[in-house]
Amino acid sequence: MYFIAIIKRTFPKNFKGLFLRHMSKSNDIACTINVDKQSEDYAGDKLISPSASRNQEPILQVLKRFLICDIDQVEDESPLFLEISSGTGQHLAYFAPHFPGVKFQPSECDVKVMKSISYYANDCPTKNIFQPLLIDIQNKLSNYGFEEDSIDYMFNANMIHISPFECTIGLFENAGTYLKPEALMITYGPYSKDGVLSPESNVAFNASLKARNPLWGIRDINDLIKLGNENNLSLIDTVEMPANNMTLIWKKD
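Residues numbered from 1 in each chain as written. Predicted model: local features only at pLDDT ≥ 70, side-chain atom pairs only at ≥ 80, totals over all residues. Heavy atoms only, no water.

## Observations concerning the pattern of salt bridges
Which entries qualify depends on this criterion: Any Lys or Arg side-chain nitrogen found within 4 Å of a carboxyl oxygen on Asp or Glu counts as a salt bridge. Every helix listed is a DSSP run of H or I at least four residues long, and every strand listed is a run of E at least two residues long, numbered separately from the N terminus. Using a 1.4 Å probe on the protein chains alone, a residue whose accessible area is under 20% of its type maximum counts as buried, one over 50% counts as exposed, and one in between counts as partly exposed.
Using the criterion set out here, one finds four salt bridges in the structure. Lys112 is paired through a salt bridge with Asp110; the nearest N and O atoms lie 2.9 Å apart. Here Lys180 makes a salt bridge to Asp152, at a shortest N to O gap of 3.0 Å. Here Lys180 is found in strand β8 (residues 179-189), whereas its partner Asp152 is found in strand β7 (residues 151-157), with 28 residues between them in sequence. Residue class for Asp152 comes out buried when judged on its relative accessible area of 16%.

## Overview of helix α6 (residues 221-230)
Counted only if it meets this: The directions considered for the arc are those from the helix axis to the C-beta atoms. A contact between two residues is defined here by any heavy atoms of the two lying within 4.5 Å. Under the rule applied, a polar contact is a pair of N or O atoms within 3.5 Å (in protein, one hydrogen donor and one hydrogen acceptor; residues adjacent in sequence only if both atoms are side-chain atoms).
For α6, the complete set of buried residues consists of Ile221, Leu224, Leu227 and Gly228. All buried residues of α6 lie within an arc of 115° about the axis, which places them on one face of the element. Exposed residues on α6 whose side chains face more than 90 degrees from its buried face are Lys226, Asn229 and Glu230. Looking at the buried positions of α6, the neighbouring elements they touch are α4 (165-178), β9 (233-241) and β10 (245-252). Near the N-terminus of α6, the side chain that reaches the backbone nitrogen of Asn222, with its oxygen 2.9 Å away, is that of Asp220. With its phi angle positive at about 60°, Asn232 sits one or two positions after the end of α6.

## What about the environment of Gln73?
Here Gln73 shows up in the loop between α1 (50-66) and β3 (80-84). In this structure Gln73 comes out as partly exposed when scored by relative accessible area, which is 48%. Separated by 54 residues in sequence, Gln73 and Lys127 have C-alpha atoms that sit 9.2 Å apart. With residues up to four places along the chain from it excluded, the contact list for Gln73 reads Ser78, Pro100 and Gly101.

## Regarding the environment of Ile129
Among the secondary structure elements, Ile129 is positioned in the loop between α3 (114-123) and β6 (133-134). The class for Ile129 is buried, based on a relative accessible area of 10%. On a C-alpha basis, the gap between Ile129 and Val102 in space is 8.7 Å, while along the polypeptide they are 27 residues apart. Once residues within four sequence positions are removed from consideration, Ile129 is found in contact with Leu92, Ala93, Ala96, Phe104, Pro106, Tyr120, Ala121 and Cys124.

This is how it looks when you write it as structure tokens:
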């Protein structure tokens, strides 16, 4: 059973979000990156994920192709970049200094990593990362203070395969509702295509995921395209990434 958690934190004055965790549609399903304490390095509140350290630079190079912002500091009209399932918080800490005019909003469902995300936000030299929101993506983003057609970019790395498919459904439904017209959702991770999963390392990884939780597993791009079509999202680019991963670029119609 997954329980409601409520925390009190200090948030930026220019963000009018709701910061209490809402119960997910299914009480025993949580949409979050699984933070394995045996594989994470601890330094007080700061968590370091080796996989995030490895993939942050390749992902940044993709973001540089698709993020548009010609100002060098945060303003009221700055683009809003919402990360779903921020994990340790490393990704936005790495990305944000390269886009100082973008407002970066991290979020997570796992209260155990919120201090780490906050640590990275506070440590950002360009100060354009907001404090994290406790979000379960199965819920409507309006529950957390977002308005429809208000988000410029949504980003999600390594959640789709390490969560029940209901979380992916919630991700696409929310993107279709809360992204601005022609705005982008960017997803990163391993995927199969046309029912074929390769190479063998991804086959073994998928088996290990299902052994840990039968509801987890690497998703097929065709299934995601269908889900995108149902939510006015079109797959406009597929970028091959290191370690047999891909970055998928979705555009709201």
